[in-house]
Amino acid sequence: MTAGPSAPPPALSGARLLFSLDPAVAHLNHGSFGAVPIPVQRAQQRLRDEVDANPMRFFTQGILDRVVHTRRYLASFVGADPDGCALVPNATAGASIVLQSMRLRAGDEVLLTDHAYGAVGLAVRRECRRTGATARTVAVPVTATQPEVVARITAALRPGRTRLLVVDQITSPTARLVPVEDIVRAAREREVPVFVDGAHAPGMLPLDVDAIGADFWVGNLHKWAFAPRGTALLAVTPDWRRRIDPLAVSWEQEAGFPLNVEWQGSMDYTGWLAAPTGLFVLRTLGVDAVRAHNAALAAYGQGVVGKALGLAPADLPDPGGPTAAMRIVPLPAGLATTPAEAQALRRHIADKLAVETAVNAWGGRGWLRLSAQVYNRAEEYDRFAERLPGLLAALQR
Ligand SMILES: Cc1ncc(COP(=O)(O)O)c(C=O)c1O
């Protein structure tokens, strides 16, 4: 006999009311774009009102100080040097800033894993095409233990040739927590610079970015730290800071990193300035309580949906850490095996079942990725588990 799904956690009562999500839909994909709590929306709107009341005053009186103050506050939350990281719009921008600052040359190589985020892979390939460098991918089985993950990636490094290793802290298609500290240590011993893509890390994991020791680290605050969309931090170790090029040159170019990256002319800075309100919400709910709730609910969701699809607990990948708020479930063979099919299935599930979830094609098969956040309830996963098998069976006919 196999064990059933783990018990769901008690709800954090009242937390649901903090969000303006459509109650007719089960939002089981916090991971992709997050969800902004109402107090954070309100804080940002007040800032927008301030901008629109007097744009001249907003953009000329103290805006840089406000950006710096906000960045330092957010940096302390993730354990990053407050003057060694820059606010950037998202992990996507952070990745391109890092890649273009590497000044790759023909013969250089960038190493990625096969769990890397698709758009970051595209950015790596474009930079390689532009510079004559090559991109190489190391395969890491979804079932690999943490020491195996480290060993696989370390064995794929080619000292002297690998100019950058890109490794995710929490992988997107496979929702896997990666032991980045050990990987960074191994890469540093071989003098290979490392870019840690921590897009999902702030809020989901206890973080000490400086202790990771990566040359570059980026993390979104708009996923699991309740910031408005467009809020991310790019941390850079001292050796590299002078070489960092912003994507667009603006008035703070001569100030160097991080202000040259942060000041990008007339754009909407209100999301960054409202981001501390997101941390306030998270802390008010209790950071540890939120993490424990989300991890337990994601495990529950994976269990019930996996069971409904006829899977044994051993068929459900372990996320590799205790605070994983996303988990994956393999789909029946033949479904969602390409990115286009995965997107079509995701839309079909949303349309027919009113469930927002992530579907990814990875390693030759389709995977469902379930997120859990404080606004979710066990019943949402139960209902999804009841209805998903019928929907998939109809597609397989
Ligand atoms: C691992 C990883 N990297 C990068 C990104 C891109 O994030 P953004 O769209 O905020 O730039 C994501 C988004 O889900 C991700 O999961």
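Our subject is the structure listed above.
This one's a predicted model, so the numbers in the text were calculated from it and none came from an experiment.

Conventions adopted
- Residues numbered from 1 in each chain as written.
- Predicted model: local features only at pLDDT ≥ 70, side-chain atom pairs only at ≥ 80, totals over all residues.
- Heavy atoms only, no water.
- Helix = DSSP H or I, 4+ residues; strand = E, 2+ residues; numbered from the N terminus.
- Rg over C-alpha atoms; globule rule 2.2 N^0.38 Å.
- Buried < 20%, exposed > 50% of the residue type's maximum accessible area, 1.4 Å probe, protein only.
- Contact = heavy atoms within 4.5 Å.
- Areas by Shrake-Rupley, 256 points an atom, 1.4 Å probe, with all protein chains shown as cover.
- Lys, Arg positive; Asp, Glu negative; His and termini not counted.
- Charge placed at Lys NZ, Arg CZ, Asp CG, Glu CD.
- Axes fitted to C-alpha atoms, helices over the stretch in contact; angles between N-to-C directions.
- Parallel < 35°, antiparallel > 145°, perpendicular 65-115°, else oblique.
- Left-handed = near helix turned anticlockwise from the far one by under 90°.
- Nonpolar A, V, L, I, M, F, W, Y, C, P; charged D, E, K, R; others polar.
- Near = heavy atom within 4 Å.
- Polar contact = N/O pair within 3.5 Å; in protein donor to acceptor, adjacent residues only side chain to side chain.
- Core = buried A, V, L, I, M, F, W, Y, C linked by side-chain atoms within 4.5 Å.
- Pairing = 2+ DSSP bridges.

S.K.: Outline the overall build of the protein chain, listing residues and values.
M.R.: Within the protein chain, the secondary structure is distributed over 15 helices and 12 strands. Computed over C-alpha atoms, the radius of gyration of the protein chain comes to 21 Å, within 12% of the 21 Å expected from 2.2 N^0.38 for 397 residues, which places it in the range of a compact globule. Seen through its C-alpha atoms, the protein chain measures out along the principal axes to roughly 65 × 55 × 35 Å. Sorting the 397 residues of the protein chain into buried and exposed places 56% on the buried side. Within the protein chain, counting contacts between residues at least 6 apart in sequence, those at least 24 apart form 73% of the total. Working note: accessible area of the protein chain is about 17,000 Å², and carbon and sulfur atoms make up 53% of it. Averaging the positions of the 41 positive and the 37 negative side-chain charges in the protein chain gives two centres separated by 4 Å.

S.K.: Kindly report on the packing of helix α13 (residues 287-308) against helix α15 (residues 378-396), identifying the contributing residues and their values.
M.R.: For the pair α13 and α15, the least separation of the axes is 8 Å and the interaxial angle reads 20 degrees. One finds that α13 runs roughly parallel with respect to α15. You can see that α13 and α15 cross each other, and the crossing is right-handed. Between α13 and α15, the contacting residues are L297, Y300, G301, V304, V305 and A308 on the first element and A378, Y381, D382, F384, A385, L388 and P389 on the second. For the contact of α13 with α15, the class distribution of residues is 11 nonpolar, one polar and one charged.

S.K.: Account for the site of the ligand, with residues named and values stated.
M.R.: The environment of the ligand is formed by 13 residues, the closest being T92, D197, H200, H222 and K223. Within the contact set of the ligand, an oxygen atom lies 2.9 Å away from a side-chain nitrogen or oxygen of N220. A distance of 2.9 Å is found between an oxygen atom of the ligand and a side-chain nitrogen or oxygen belonging to H222. Contact with the protein chains covers 91% of the free accessible surface of the ligand, which is 400 Å².

S.K.: Mind laying out the environment of P319, listing which residues take part and the relevant values?
M.R.: Mapped onto the elements, P319 comes out in the loop between α13 and β9 (326-330). Taking the C-alpha atoms as reference points, P319 and Q169, 150 residues apart in sequence, are found 11 Å from one another. Among all residues touching P319, those that are not within four sequence positions of it are A175, R176, L177, A324, M326 and R327.

S.K.: Any chance you could break down the nonpolar core for me, citing the residues and the numbers?
M.R.: Counting residues in each nonpolar core, the largest one holds 76 residues, and the members touching the most others are L165, V167, V196 and W217. Looking at which element gives the most residues to this core, the answer is helix α12 (residues 270-285), with seven residues. If we ignore the near neighbours within four places in the chain, the residues touching V196 are V167, Q169, V180, V184, I212, A214, F216, W217 and V218. Residues V98, V120, V218 and I244 belong to the second largest nonpolar core, which totals 30 residues.

S.K.: Tell me about the pairing of strand β7 (residues 216-220), and please be specific about residues and values.
M.R.: Of all five residues in β7, five are buried, a share of seventy percent or more. Across the two faces of β7 the burial is the same, with F216, V218 and N220 and W217 and G219 all buried. Two strands pair when backbone bridges link them, and strand β6 (residues 194-197) and β7 are joined in this way by three bridges, in the parallel orientation. Within the sheet, the bridge partner assigned to D197 lies in β7 and is V218. When β7 meets strand β8 (residues 232-236), the two strands line up antiparallel, connected through five bridges. Looking at β8, one finds that F216 is bridged to V236.

S.K.: I'd like a description of unusual backbone geometry, backed by residues and values.
M.R.: In this structure, P258 follows F257 across a cis peptide bond, with omega equal to 5 degrees. Tracing the sequence through the fold places P258 in the loop between α10 (238-241) and α11 (259-262). A positive phi angle is found at A336, which is not glycine, with a value near 55 degrees. Among the structural elements, A336 can be located in the loop between β9 and α14 (339-353). On the basis of relative accessible area, A336 is assigned to the buried category, the value being 4%.

S.K.: Tell me about the sheet that holds β6, residues and numbers included.
M.R.: Taken in spatial order, the seven strands of this open sheet run β2-β8-β7-β6-β5-β3-β4, and their pairing is mixed. Unpaired on one side and paired on the other, β2 (85-88) and β4 (134-138) mark the two borders of the sheet. Averaged over all adjacent pairs, the angle separating strand axes in this sheet is 20 degrees, with direction ignored. Two strands pair when backbone bridges link them, and strand β3 (residues 109-113) and β4 are joined in this way by five bridges, in the parallel orientation. Residue pairing across strands places L112 opposite T137, the latter belonging to β4. With respect to the sheet, helix α6 (residues 118-131) is in contact with β3, β4, β5 (162-168) and β6, its orientation differing from that of β4 by roughly 145 degrees. Lying on the sheet, helix α8 (residues 180-189) is in contact with β5 and β6; it crosses β5 at an angle near 175 degrees.

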